[in-house]
Structures are given as structure tokens and as C-alpha cells.
Amino acid sequence: MASQDETVVKSSTAVAEIATPEIFPPDEEKKLLDESNTEKASANKTFTSGEYNGAIQGYEKALAICPSYLEYDIAVLRSNIAACHLKLEEWKQAVESATQALEALDRIDPPPQKDEGKEVTGGGAIAEIDDTTELYLDALTRTNHTINDVHKLRTKALLRRAKARHEVGGWASLQGSLEDYQALSKAPHQLSSLDQKAVQAALRKL
């Protein structure tokens, strides 16, 4: 029985280590973020020149340098990678990258809990989400971003995932695309007039 308890303690410690990222001292954090942003700027130029595979490599280099708790900056890079895959018509990879971007943003600004079942969790789980969210919000503020920036980026990543899911086809992907477009239609103020038209056209088609 004691050995089982030890196993439980060890496994819960491992989970805690995974859940709490290492926070760098301010100087080191800034240095790493500056290096990551330099790689991102280079990848942006590569993207503009139409070398999308090269841009993906550049964004991945930037990701490797960026501290793991700077979720907004990570989401930007993931969303940019999704844009590259869209250009290359690599629809499944685009869905995956856009989803990773959205998951990073959800850690900063968690979606509201739903009443219908699977997203509802016990009070303890909600408290844990609040603790880690605070950490990510602090990082967001330190890097001069706001919740409004998070909302704008979420819109961009949702647009990219919705388009990619539509292109993948098949019942599950089309259903996912419809849900993404429906989410986008609920926040029209975040969309440009062109994007609003594209969302409404996609909803009619789906």
C-alpha cells in the first residue's frame, strides 16, 4: 500500500512540474524574447517573398527560443505557421497549427464554462485554471500585450482553422468548420468587412 502511495505522490509531482513552466528572470526572458522576435521578423520576410516552407522553419526556430509560458507570442508563431500551411494547401497541418495557437490563447483567456456536460469540471480544476491563467496574464502584460490583442489573434487563428477545416472536408471537419465560423459570427466587431462577408458566405454554404 505504501508503495502505491509513493507512486501517486511521484506522479502528481511530475504533473505539477509539467503544469508549472520555468519562469526566467526578467533580463533573460527579454533576451530570449528578443532573439525569438528576430527570428520571427526574418521568417515574416521569407513569408512575404513566397518561400512558405522556409518561413515555417523560421517560425519554428523562433518557437524553440521563446519561453514556453509566453503563450501570446507562441500563439502568434503558431498562427503564422498555419498561414504558411494554408498557402501551401497543407490543410491538415494548417488545422493543427491554428488549433495549437487557439489552445495557447485559451490558457491566457479561458473560454466560459459550459453547462452541457463535458467542459464542466469540479471546483478544484477551475481554481487550478485560475492560478495558471494569472501566470499567463502577468506574462502578457510584461510583454506589452492586452486581452484585446488576444481576442484579435483568436479571430485570426479561427479564420485560418475554419478555412482549413472546410478544405479538409469530411463530416467531422465540416462540422468543426461550421462551429468556427459560428464562433466568428458572434463577434463581428473583431472582423474586417471583407472577413465578415467571407464568414457569412461560408455559413450559408456549410
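Q: Would you take a moment to explain the side chain of T133 for this structure?
A: Take T133: it is sitting in helix α6 (residues 123-142). Overall, the relative accessible area of 9% leaves T133 in the buried class. Filtering out sequence-adjacent residues up to four positions away, T133 remains in contact with R107, I108 and P110.

Q: Would you take a moment to explain helix α7 (residues 147-168) for this structure?
A: Within an α-helix, residues lying three or four positions from one another point in the same direction, as the helix has 3.6 residues per turn. Under the 1.5 Å per step criterion, the end-to-end length of α7 is 31 Å for 22 residues, consistent within 8% with the ideal 32 Å. The complete set of buried residues in α7 reads V150, L153, R154, T155, A157, L158, L159, R160, R161, A162, A164 and R165. Directly beyond the C-terminal end of α7, a positive phi value near 75° is found at G169.

Q: Explanation requested: the nonpolar core in the structure shown.
A: In summary, soluble globular proteins display a tendency toward joint burial of nonpolar side chains. Of all hydrophobic cores here, the largest spans 38 residues; its most connected members are Y59, Y72, L105, I108 and L184. Listing elements by their share of this core, those giving two or more residues are α2 (26-48), α3 (52-65), α4 (71-87), α5 (91-108), α6, α7, α8 (171-185) and α9 (193-205). Here this core gets seven residues from one element, more than from any other, and that element is α4. Residue contacts for L105: discarding those within four places in its chain leaves Y72, A75, V150, L153 and R154. In terms of nonpolar packing, the next biggest core, distinct from the first, is built from five residues, W91, A94, V95 and A164 among them.

Q: In this structure, what is going on with the pattern of salt bridges? I would like to understand it.
A: A side chain with one charge can pair with a side chain of the opposite charge if their charged atoms come near. Applying the stated criterion to the full structure yields eight salt bridges. Here R142 ties to E29 by a salt bridge, and the two come within 2.8 Å at their closest N and O atoms. A residue pair is termed long-range when its members are at least 10 positions apart, and R142 in helix α6 and E29 in helix α2 qualify at 113 residues. The exposure class assigned to E29 is buried, which follows from its relative accessible area of 6%. Notably, a salt bridge pairs D106 with R154, separated by 3.0 Å at the nearest N-O pair.

Q: How should the packing of α7 against α8 be read in this particular structure?
A: To characterise two packed helices, one gives the angle between the axes of the helices and the distance between these axes. The contact between α7 and α8 brings their axes to 8 Å, and the two run at 150°. By the angle class used here, α7 and α8 are roughly antiparallel. The element α7 and its partner α8 pack so that their crossing is left-handed. Of the residues in α8, those in contact with T155, L158, L159, R161, A162, K163, R165, H166 and V168 of α7 are S173, L174, G176, S177, D180, Y181, A183 and L184.

Q: I would appreciate a short explanation of the packing of α5 against α7 in the present structure.
A: Where α5 contacts α7, the two axes come as close as 8 Å, and the packing angle between them is 155°. Comparing their axes, α7 and α5 come out roughly antiparallel. For the element pair α5 and α7, the recorded crossing hand is left-handed. Seen from α5, the contacting residues are W91, K92, A94, V95, A98, T99, A101, L102, L105, D106 and I108; seen from α7, they are I147, V150, L153, R154, A157, L158, R161, A164, R165, E167 and V168. Of the residues assigned to the contact of α5 with α7, the class counts are 15 nonpolar, one polar and six charged.

Q: I tried to follow the environment of K31 on my own but got confused; where do I start?
A: As for its position among the elements, K31 is in helix α2. According to the relative accessible area criterion, K31 is exposed, its value standing at 52%. For the pair K31 and I65, spaced 34 residues apart in sequence, the C-alpha separation works out to 9.8 Å. Looking at K31, its side chain comes within polar contact range of the side chain of E35, at 3.0 Å.

Q: Looking at this structure, how should I read the packing of aromatic side chains?
A: The geometry of two aromatic rings is summed up by the distance between their centres and the angle between their planes. Inspection of every chain in the model, using the stated rule, returns two aromatic pairs. Look at F24 and Y69: their rings are 6.4 Å apart centre to centre, the planes differ by 35°, and that puts the pair in the tilted class. Of this pair, F24 sits in the loop between α1 (2-19) and α2 while Y69 sits in the loop between α3 and α4, placing them 45 residues apart in sequence. By relative accessible area, Y69 is classed as buried at 0%. Between F47 and Y52, the aromatic rings sit 5.2 Å apart at their centres with planes inclined by 65°, giving edge-to-face as the arrangement.

Rules behind the numbers
Residues numbered from 1 in each chain as written. Predicted model: local features only at pLDDT ≥ 70, side-chain atom pairs only at ≥ 80, totals over all residues. Heavy atoms only, no water. Helix = DSSP H or I, 4+ residues; strand = E, 2+ residues; numbered from the N terminus. Buried < 20%, exposed > 50% of the residue type's maximum accessible area, 1.4 Å probe, protein only. Contact = heavy atoms within 4.5 Å. Expected span 1.5 Å × (residues − 1). Core = buried A, V, L, I, M, F, W, Y, C linked by side-chain atoms within 4.5 Å. Salt bridge = Lys/Arg side-chain N within 4 Å of Asp/Glu carboxyl O. Axes fitted to C-alpha atoms, helices over the stretch in contact; angles between N-to-C directions. Parallel < 35°, antiparallel > 145°, perpendicular 65-115°, else oblique. Left-handed = near helix turned anticlockwise from the far one by under 90°. Nonpolar A, V, L, I, M, F, W, Y, C, P; charged D, E, K, R; others polar. Polar contact = N/O pair within 3.5 Å; in protein donor to acceptor, adjacent residues only side chain to side chain. Phe/Tyr/Trp six-rings, centres within 6.5 Å; stacked < 30°, edge-to-face > 60°.

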